[in-house]
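# Descriptive analysis of the structure
Chain residues, written in single-letter form:
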Amino acid sequence: MPNIGPVELLIVAILLAVILVIVIGVVMAARKGNQVPMPMPTPMPTPQGLHELVTGLVRTGRKIEAIKELRRHTGLSLRDAKMTVDGVAMGHDLWSHPAMTRFKPAQPTALPHPGAAGPDLATRVRELKAAGRAEQAVYLVRGETGMGEREAELFVESLSASQP
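As a starting point, this report considers the structure included with it. (Residues numbered from 1 in each chain as written. Predicted model: local features only at pLDDT ≥ 70, side-chain atom pairs only at ≥ 80, totals over all residues. Heavy atoms only, no water.)

Attention now moves to the nonpolar core. Counting residues in hydrophobic clusters, the biggest one holds 15 residues, and the most contacted among them are Leu-50, Val-54, Leu-70, Val-85, Leu-94 and Met-100. Those elements giving two or more residues to this core turn out to be helix 2 (47–59), helix 3 (63–74) and helix 4 (78–89). Examining the composition of this core, we find that 4 residues originate from one element, helix 2, more than from any other. Those residues within four positions of Met-100 in sequence are excluded, and the remaining contacts are Leu-50, Leu-70, Thr-74, Leu-76, Thr-84, Leu-94 and Trp-95. Core analysis: the second largest hydrophobic core is formed by 11 residues, Val-125, Val-141, Ala-152 and Leu-159 among them. (Core = buried A, V, L, I, M, F, W, Y, C linked by side-chain atoms within 4.5 Å. Buried < 20%, exposed > 50% of the residue type's maximum accessible area, 1.4 Å probe, protein only. Helix = DSSP H or I, 4+ residues; strand = E, 2+ residues; numbered from the N terminus. Contact = heavy atoms within 4.5 Å.)

Right, let's get into the layout of surface pockets. In this structure, the largest pocket encloses a volume near 500 Å³. As for the largest pocket, its lining consists of 20 residues, and the residues nearest its centre are Met-83, Gly-87, Met-90, Tyr-139 and Gly-143. Taken together, the elements giving at least two residues each to the lining of the largest pocket come down to helix 4 and helix 6 (134–145). The biggest single contributor to the lining of the largest pocket is helix 4, with 6 residues. Of the residues in the lining of the largest pocket, the class split is 8 nonpolar, 8 polar and 4 charged. In terms of lining residues, the second largest pocket is bounded by 10 residues, among which Met-90, Gly-91, Arg-124, Leu-128 and Leu-140 are the most central. The set of elements that each furnish at least two residues to the lining of the second largest pocket consists of helix 5 (121–130) and helix 6. Here the lining of the second largest pocket takes 3 residues from helix 5, the largest share from any one element. (1 Å grid on protein atoms, 1.4 Å probe; cavity = no way out; pocket = protein on both sides within 12 Å on 5 of 7 lines; lining within 4 Å. Points joined across faces, edges and corners; volume = space filled by probe spheres on them. Nonpolar A, V, L, I, M, F, W, Y, C, P; charged D, E, K, R; others polar.)

This paragraph deals with the packing of helix 2 against helix 4. Direction vectors running N to C along helix 2 and helix 4 enclose 65°, while the axes themselves pass 10 Å from each other. In this view, helix 2 runs roughly perpendicular relative to helix 4, as classed from their interaxial angle. Classified by chirality, the crossing of helix 4 by helix 2 is right-handed. Contacts between helix 2 and helix 4 involve Val-54, Thr-55 and Val-58 from the former and Val-85, Val-88 and Ala-89 from the latter. Residues of the contact of helix 2 with helix 4, tallied by class, amount to 5 nonpolar, 1 polar and no charged. (Axes fitted to C-alpha atoms, helices over the stretch in contact; angles between N-to-C directions. Parallel < 35°, antiparallel > 145°, perpendicular 65-115°, else oblique. Left-handed = near helix turned anticlockwise from the far one by under 90°.)

In short, the description is geometric, and any link to function would need to be established separately.
Structure representation (structure tokens):
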């Protein structure tokens, strides 16, 4: 009987490793084929339906779910969806975020907007400032005017709570 040396043992070990890799690959491919298919993405609801869904979730304090639903129906990035939902939480219209322009309804719809028939920007800023929410007031000014951060801070600081 011939002696088996280190070279022959190395060749046998390599062959066993190759066979093992092939078997593992076949098993993984078989498992992959047996997986349950991903559900099809749900169609986007009407613009008003999406607005009601997102604002309803925000009003009930479920911002994370609102972000998930917005991403699921629009395909927005996490960053854009979060910024949009944060804007809705501050009282902005869902369609006011630049990322939502491609989903904006073609014709204006009667969507409720807190600032549409209510107080002007300065009044809302004064109310936020009086409530100790100056940072949110700055975000509100930036979102509605397009000002830079420093400009918005100066605007908020210039308004006093006693002015009409």
